[in-house]
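Letter by letter, the chains look like this.
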Amino acid sequence: MANRLKSGKSKTPDTDKLKPEKEEQVTVKQLVKDERTHKIAGTMALLASLFLFIAFTSYLFTWREDQDKVFKGASILMPSAGVKTTNLLGNIGAYISHQFFYNGFGLASFLFCTLFFVMGANALFGKKIFSVWRNVRYLIVGVVFFSVACAFVSGNSQFAWGGAVGTMISDWLVSLIGKIGTAALLLVGGLAYVIWRFNPVFKVPTIPRKPASLEEAVLPVNEEEQEAAPKPKKTNKLKKGEQPSPLLAPKLEIDEDLLEDMQLVERAEEQDEPPFEPNTPAPPVVIPPPVVTPSLNKKQEKAQQAAASLELEIKSMPEEPISADEEVEPAEEEEESIEEKKPIITTPYEPTLDLKDYQYPSLELLEQHGSEKIIQDAAELETNKNQIITTLKNYDIDIQKISATVGPTVTLYEIVPAAGVRISRIKNLEDDIALSLAALGIRIIAPIPGKGTIGIEVPNVKKTVVSMKTLLASEKFQANNFSLPVAIGKKIDNENFIVDLTTMPHLLMAGATGQGKSVGLNAILVSLLYKKHPSQLKLVLVDPKKVELTLYRTIENHFLAKLPGEEEAIITDTKKVIHTLNALCIEMDNRYDLLKEAGTRNIREYNEKFVKRRLNPEKGHQFLPFIVLVVDEFADLIMTAGKEVEMPIARLAQLARAVGIHLIIATQRPSVNIITGTIKANFPARIAFKVSSKIDSRTILDIGGAEQLIGKGDMLISYNGELTRLQCAFVDTPEVESVCDNIGAQNGYPQAFMLPEYVDEKELEKDFDIGDRDSLFEDAARMIVTSQIGSTSLLQRRMKLGYNRAGRLMDQLEAAGIVGPSQGSKARDVLIRTEMDLEQHLANFNT
Ligand SMILES: Nc1ncnc2c1ncn2[C@@H]1O[C@H](COP(=O)(O)OP(=O)(O)OP(=O)(O)O)[C@@H](O)[C@H]1O
């Protein structure tokens, strides 16, 4: 909440006059807003709830004895009355219970205890644990319903089961619709209340049907079974010549009941039972995906698994379509015939079923760093204000009005200059004013865009740490439907700054060492981990410093992406960074191909179409997770690799947004040779922590100001063309560790998300000699022989290769006599018929 102080409107403000007015305003607000007031009120409400509960319960046993006495009315509460009741809470307890039960609602009065409890708990803990309004709704309906029902059922009992209100309504209903009518109405009302309040699930027992795919059938269905199931190995290579089995499930210990179910289903199928849904994109997790070659990509794995679920009458069918220029007739015909057999499924695809037991990290893992309450010192405000007024007066600048907004680290004093004072004059005097105010970290904004006022930001003596926990618990974070929500910090007016990374769409962060960059990166990553499921997000982490991002290694099998064959998912070596960036470019190109084939313009439309099952996974379509590339020390990379790093980053920044790839680049050295024009042009969203010079600030933000920041997460963000000062959310290393450990301890994918393979073209040129062939030569040969299709684009897609490398591989295969010469747009002839022949052929080469 902004706390504004407004002064009088006199042209030459008299500072003495301002004092009393301000202090009073702050005190009243403080009292209402003070968390201690809330806590005291909360405790009282909880006590009231307990008081009512005890009094009511006691009343159930003592009403007979006390009734005569309480009929005398409130006078029994007077000490002079000399009345002594037997209620556990004395005369007050007896009197209040009598009013609630006898004159009110009977047994339903107990529901009032819940209202006080809910209000008390919310106020005491300072957050919305329960919804008060929802409780009030339930209470009103519940009290009316139960009092009437109790009165109706109890008939003429002496005890006021339904109270005066319940009896009155019940009698009226009986006279209106008779006893049977009232009973029926109450029954329907009771059922409706239970449904409204608890929404129970009504299930009709179903006859077991074959699950959507065989994988679902063999996957452990509950947590215990999952624990019982052996963890899949990380990689799963096949021996030479061995047939790739689409189902590695036999490795799991299958629950016997489940097995029986499966057999039943299979038998049912033999008897022409209704077919199951074959084109369900099979969830690819928990069991390792079938691996044909080490570089086989995820797209193919999914397609294969889907095909496997058909029990492969279609064994020889290629999982991916051949590109238009190299169409192969038989494959298409076969595909059509399969399609005819498929029933259409309408249930939407749910990507999170990949890891259906995945639990999002809880807020308990994060810490509250001190009190979130903004500390405002009225005396400090007054002193600063007077100093601003006096300083401006020294430069002959009169002011009309001054108001203050107290933020977590700085206070913004907004000034309306007197009529006739030109803002440009104040702007020119910016440095002098800052010097006169002689405080570290003063920033002058002349004018504040869109307001016509002048802003002077002065650091607070006592600063408030903004805890990540508060931001993540906020309604704005919890309830938004952003694709990639990131909680960055709090604005000066204490509003939470939470944005969608996809709208940025890339982010450049700079700041001198020790000013909060790493904490900022962690804040962004932690917000993503709190909101995204592992199936929806993959992170590519580049950390040349080798220390900052290593915390995230525990979530490798959930959220990280890496190059095939790499040990470490967090990339620290410059050479590997170049490979990874180029692999991301290939991934981007592949995704564009998929988008094109699907007739969609961006990842959102594509995924929507996929979820609605309008894209066939057997044609290589798959649910596309967002990919976020984080580079922690960009300067190091540019210094060592220059253009080799800059070019793929610029290309990704220009094009990757539509396919769901977003970049976050951080640097300590925001100099022009690091943040070049090309990089800057493609990163409209930029964050500056404190930097050492105005020039650095201009390099990163195109404007000075970042050199005036006060460090410790004080930052400026340029987003959507606006410059905003924020206090970055603080998340400590142990917190990040416990979030990662919590995720890492859960069931994940068998391995990290595989990026496409990238081989340096320059290295390849050396390898062209047949005696020194490509490392994927044998895999490519096997793939071509198995599919009997000599197509370069097939190689490209199935092995996730760039066009040049696939072309060279094809030339090598031709030189090795495995495929025939190029035939223009048609696929090449495959000269070797069976895998056995191929193994022999390869063995001859190797000797
Ligand atoms: N948002 C914040 N709120 C409070 N304190 C912070 C915040 N951000 C950083 N700090 C303080 O500043 C210290 C340095 O922060 P951090 O490690 O993020 O700096 P850095 O810029 O990444 O430094 P380096 O570049 O040397 O790694 C932290 O240990 C913490 O004490």
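All figures in this text were calculated on a predicted structure; none of them were measured in a lab.

Looking at the overall build of the protein chain
Thinking step 1. Each helix and strand counted, the protein chain has 30 helices and 16 strands in total.
Thinking step 2. Looking at the protein chain residue by residue over its 847 residues, the buried ones come to 42%.
Thinking step 3. Contacts spanning at least 24 positions in sequence make up 70% of the contacts within the protein chain whose residues lie at least 6 apart.

Thoughts on the packing of helix H17 (residues 517-531) against helix H25 (residues 733-744)
Helix packing for two helices is described by the angle between their axes and how far apart those axes are.
Thinking step 1. Contact geometry of H17 with H25 gives a least axis separation of 11 Å together with a crossing angle of 30°. Classified by the angle between their axes, H17 and H25 sit roughly parallel to one another. Classified by chirality, the crossing of H25 by H17 is left-handed. Residues Asn-522, Val-526 and Leu-529 of H17 lie in contact with H25, whose contacting residues are Val-736, Val-739 and Ile-743.
Thinking step 2. Considering only residue class, the contact of H17 with H25 consists of 5 nonpolar, 1 polar and no charged.

A look at the nonpolar core
Thinking step 1. Core analysis: the largest hydrophobic core is formed by 110 residues, its most contacted members being Ile-488, Leu-541, Leu-560, Leu-584, Val-630, Ala-688 and Ala-729.
Thinking step 2. Ranked by residues supplied to this core, first place goes to helix H19 (residues 574-598) with 9 residues.
Thinking step 3. Look past the residues within four positions of Leu-560 in its chain and what remains in contact with it is Lys-538, Leu-539, Leu-541, Tyr-552, Ile-555, Ala-569, Ala-752 and Phe-753.

Some thoughts on the UniProt feature "binding site: ATP" (unreviewed entry) in the protein chain
Thinking step 1. Within the UniProt annotation, "binding site: ATP" (unreviewed entry) is assigned to Gly-511, Ala-512, Thr-513, Gly-514, Gln-515, Gly-516, Lys-517 and Ser-518.
Thinking step 2. Along the chain, the position of Gly-514 falls in the loop between strand S8 (507-510) and H17.
Thinking step 3. Assignment of secondary structure puts Gln-515 in the loop between S8 and H17.

Overview of unusual backbone geometry
Thinking step 1. The omega torsion of the bond from Met-504 to Pro-505 falls at -15°, within 30 degrees of zero and hence cis.
Thinking step 2. Mapped onto the elements of the fold, Pro-505 is located in the loop between strand S7 (496-500) and S8.
Thinking step 3. Of note in the backbone geometry, Asn-720 takes a positive phi value of approximately 55° without being a glycine.
Thinking step 4. As for its placement among the helices and strands, Asn-720 is situated in the loop between strand S14 (714-719) and strand S15 (722-728).
Thinking step 5. Residue Asn-720 is classed as exposed on the basis of its 11 C-beta neighbours within 10 Å.
Thinking step 6. The backbone phi angle of Lys-800 is positive, close to 50°, even though this residue is not glycine.
Thinking step 7. As for its placement among the helices and strands, Lys-800 is situated in the loop between helix H28 (792-798) and helix H29 (803-815).
Thinking step 8. On the basis of neighbour counts, which here come to 24 C-beta atoms within 10 Å, the residue Lys-800 falls in the buried class.

Brief notes about the pairing of S7
Thinking step 1. As judged from the 5 bridges shared by strand S6 (residues 485-491) and S7, these two strands associate in the antiparallel manner. By the bridge assignment for S7, Val-486 is matched with Val-499.

Some points on the confidence of the model for the protein chain
Thinking step 1. Put simply, the protein chain has an average pLDDT of 76, and 76% of its residues get 70 or more.
Thinking step 2. Predicted confidence is poor over residues 1-24, with pLDDT under 50, and the contacts of this stretch with residues over four places away or in other chains come to 40 contacts.
Thinking step 3. This stretch, residues 206-342, has a pLDDT under 50; its non-local contacts, to residues over four places away or in other chains, come to 194 contacts.
Thinking step 4. The complex model carries a pTM of 0.56, and its ipTM stands at 0.97.

Some details on the site of the ligand
Thinking step 1. The ligand sits among 14 residues. The nearest are Gly-516, Lys-517, Ser-518, Gly-713 and Phe-730.
Thinking step 2. At 3 residues, the largest contribution of residues to the shell around the ligand is made by H17.
Thinking step 3. In terms of residue class, the shell around the ligand is made up of 4 nonpolar, 8 polar and 2 charged.

Some remarks on the packing of helix H4 (residues 111-125) against helix H5 (residues 132-154)
Thinking step 1. Two numbers describe how H4 lies on H5: the axes approach to 9 Å, and their chain directions differ by 175°. Compared by their axis directions, H4 and H5 come out roughly antiparallel. Here Leu-111, Thr-114, Leu-115, Val-118, Met-119 and Asn-122 of H4 come into contact with H5, specifically with Val-132, Asn-135, Val-136, Leu-139, Gly-142 and Val-143.
Thinking step 2. The residue makeup of the contact of H4 with H5, split by class, is 8 nonpolar, 4 polar and no charged.

Quick look at the pairing of strand S13 (residues 685-688)
Thinking step 1. Sheet analysis places S8 next to S13, joined by 4 bridges and oriented parallel. Counterpart to Ala-510 in the pairing with S13 is Ala-688.
Thinking step 2. Note that S13 and S14 share 3 bridges and pair antiparallel. In the sheet register, Arg-686 faces S14, and the bridge partner there is Ser-718.

With respect to the sheet that holds strand S12 (residues 661-667)
Thinking step 1. Ordered by their spatial adjacency, 9 strands build an open sheet running S7-S6-S15-S14-S13-S8-S12-S11-S9, and the pairing between neighbours is mixed. Pairing within the sheet leaves two strands with one partner each, and these edge strands are S7 and strand S9 (537-542). Strand-to-strand, the axes of this sheet are offset by a mean angle of 25°, without reference to chain direction.
Thinking step 2. Across the sheet, helix H24 (residues 694-701) is in contact with S8, S13, S14 and S15; its angle to S13 comes to roughly 160°.

Things to note about H17
Thinking step 1. With 15 residues, H17 should reach 21 Å at 1.5 Å per residue; the first-to-last C-alpha distance of 22 Å fits that figure.
Thinking step 2. Taking burial as the measure, the 15 residues of H17 include 14 buried ones, the bulk of the element.

Focus on the environment of Tyr-395
Thinking step 1. As for its placement among the helices and strands, Tyr-395 is situated in the loop between helix H12 (378-394) and strand S2 (399-406).
Thinking step 2. C-alpha of Tyr-395 to C-alpha of Leu-429: the two residues are 34 residues apart in sequence and 8.3 Å apart in space.
Thinking step 3. Contacts of Tyr-395, omitting those with residues within four sequence positions, involve Leu-429 and Asp-432.

Re the environment of Ile-789
Thinking step 1. By secondary structure assignment, the location of Ile-789 is in the loop between helix H27 (777-787) and H28.
Thinking step 2. Overall, the presence of 21 C-beta atoms within 10 Å leaves Ile-789 in the buried class.
Thinking step 3. Taking C-alpha positions, Ile-789 is 6.5 Å from Val-830, a pair spaced 41 residues apart along the chain.

Notes on the environment of Asp-432
Thinking step 1. Looking at the element boundaries, Asp-432 is found in helix H14 (residues 430-437).
Thinking step 2. Judged by local crowding, Asp-432 falls into the exposed class, with 12 C-beta atoms found within 10 Å.
Thinking step 3. Asp-432 sits 41 residues away from Thr-391 along the chain, and the two C-alpha atoms are 9.4 Å apart.

Rules and cut-offs
Residues numbered from 1 in each chain as written. Predicted model: local features only at pLDDT ≥ 70, side-chain atom pairs only at ≥ 80, totals over all residues. Helix = DSSP H or I, 4+ residues; strand = E, 2+ residues; numbered from the N terminus. Buried ≥ 20, exposed ≤ 12 C-beta atoms within 10 Å, placed from the backbone. Contact = placed C-beta atoms within 7 Å. Axes fitted to C-alpha atoms, helices over the stretch in contact; angles between N-to-C directions. Parallel < 35°, antiparallel > 145°, perpendicular 65-115°, else oblique. Left-handed = near helix turned anticlockwise from the far one by under 90°. Nonpolar A, V, L, I, M, F, W, Y, C, P; charged D, E, K, R; others polar. Core = buried A, V, L, I, M, F, W, Y, C linked by C-beta atoms within 7 Å. UniProt positions renumbered as here; feature names shortened; annotations may be inferred. Pairing = 2+ DSSP bridges. pLDDT = per-residue confidence, 0-100. Near = placed C-beta within 6 Å. Expected span 1.5 Å × (residues − 1).

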